[in-house]
Amino acid sequence: MQEISNIMRVKSFVLLLIVLLWSSVAMHASERWLMSYKKVLVIGAHPDDPETMCGGTMLKLREAGVDVVAVYLTSGEAGIAGMSHEESRAIRQQEARHACEVLGVRPVFLTQIDGNSEVNKMRYEEMKELIVAEKPDMVITHWPIDSHRDHRVCAVLVYDAWRQTGYSFDLYYGEVMTGLQTQNFSPTLWVDISETHARKVKAYHCHQSQGIDEVQAYHDHMEILRGMECHAKYGEAFIKQNY
C-alpha cells in the first residue's frame, strides 16, 4: 500500500508540473504571437481610453519595434466641468499628446463629440477610411458591452470597419474600469505588463483633468487580477473577435 501511495504522489507531482509548464508555455507563446504584428491601432472613445485600456501592451509592442497609433474617437469635449467644448478639447488633446509621448506612439483625433457620438452612414465611413488609410494588421478597441454610450459606439464603428474591409486586420477588445464601465468581459488573451506598468501609469496620469486617481484605483485592481490570471504581477487582457 505504501508503494502505491508513493506512486500516486509521484503521478500527482508530475501532473502538476505538466500543468504549470503548459500554462507558462501558453502564456509566452501568446506574447510571441502578439509581437508578430507590424502595425497596431488602439481606438478609444476618449483621451485616456487607449492608455488605460492597454498602455502596458502598447509599450511592449513599441519595444518590439511595432508601429502603434492611439486613435481617439472624440476629444473629450464634455469631460471638464464648467468649460466649453472648445476649451476642453484643447486641454484634453494636449494631455493625450503628452501621454502618447510617454508611450512613444502617434495620436490621431477623429471628429466625434464627447457624449454625443453617433452611429450613422457618415460615421461608419469615417472609421473605415481611417483604418484603410492606416493599414493596420491589428486593432484594439472597447468591448461593446459597456455602460458608456461612447464606448459602445466606438466598438460598433470599429467592428463594422472590420467587416467592410474584408476582415483585413485582427480585431481585439480591451477593458476599461471593469464593473463600472466594461461589463461581462471574459478574456481569451493576457499580456504580462509587469515591466511596463509604471510607465503606463505615468502615461495616463498625463490626463490630470480627469480625476485620474479614481481611474487608477479601478485599473490597479484590474491589472493585479489579470496579472494573477497570467502568472504575473500586472497584466492586461483581451478578447479576439472571430469571424
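The sections below set out a description of the structure shown in this document. The structure presented is a predicted model; accordingly, all values stated were derived computationally and were not measured. (Residues numbered from 1 in each chain as written. Predicted model: local features only at pLDDT ≥ 70, side-chain atom pairs only at ≥ 80, totals over all residues. Heavy atoms only, no water.)

**Here we look at the nonpolar core**
At step 1: With 27 residues, the main nonpolar core has V40, V42, M58 and I140 as its most contacted residues.
At step 2: Contributions of two or more residues to this core are made by β1 (39–44), α2 (49–63), β2 (67–74), α3 (85–103), β4 (138–142) and β6 (189–192).
At step 3: It is α2 that provides the largest number of residues to this core, a total of five residues.
At step 4: Counting residues in hydrophobic clusters, the runner-up holds 25 residues, among them V71, V108, I131 and W162. (Core = buried A, V, L, I, M, F, W, Y, C linked by side-chain atoms within 4.5 Å. Buried < 20%, exposed > 50% of the residue type's maximum accessible area, 1.4 Å probe, protein only. Helix = DSSP H or I, 4+ residues; strand = E, 2+ residues; numbered from the N terminus.)

**Some details on the sheet that holds β4**
At step 1: Pairing within the open sheet is mixed, and its seven strands lie in the order β3-β2-β1-β4-β5-β7-β6. Strand pairing shows two members of the sheet lacking a second neighbour, β3 (106–112) and β6, which therefore form its edges. Here the strands of the sheet are splayed against their neighbours by 25° on average, with no regard to which way each runs.
At step 2: Pairing analysis gives five bridges linking β2 to β3, with the strands arranged parallel. Paired with V71 across the two strands is V108, which belongs to β3. (Pairing = 2+ DSSP bridges. Axes fitted to C-alpha atoms, helices over the stretch in contact; angles between N-to-C directions.)

**With respect to the packing of aromatic side chains**
At step 1: Going through the model one piece at a time under the given rule, you end up with seven aromatic pairs.
At step 2: An angle of 75° between the planes, with centres 5.6 Å apart, marks the rings of W143 and Y173 as edge-to-face. Of this pair, W143 sits in the loop between β4 and α5 (149–164) while Y173 sits in strand β5 (residues 170–174); the two residues are 30 residues apart in sequence, bridging distant segments of the chain.
At step 3: On the numbers, 5.7 Å between centres and 40° between planes, the contact of Y159 with W162 is tilted. Placement of the pair is Y159 and W162 together in helix α5, with a separation of three residues, close to one helical turn. (Phe/Tyr/Trp six-rings, centres within 6.5 Å; stacked < 30°, edge-to-face > 60°.)

**Re the side chain of K60**
At step 1: Tracing the backbone shows K60 in helix α2.
At step 2: Residue K60 is classed as buried on the basis of its relative accessible area, which comes to 18%.
At step 3: In this view, K60 contacts E31, M35, V191, D192 and T196; residues no more than four positions away in its chain are not counted. (Contact = heavy atoms within 4.5 Å.)

**Topic: the environment of C54**
At step 1: Its location among the elements puts C54 in helix α2.
At step 2: In this structure C54 comes out as buried when scored by relative accessible area, which is 0%.
At step 3: For C54 and V176, which are 122 residues apart along the polypeptide, the C-alpha to C-alpha distance reads 8.9 Å.
At step 4: The residues touching C54, leaving out its near neighbours within four places in the chain, are V42, I140, K200, E236 and F238.

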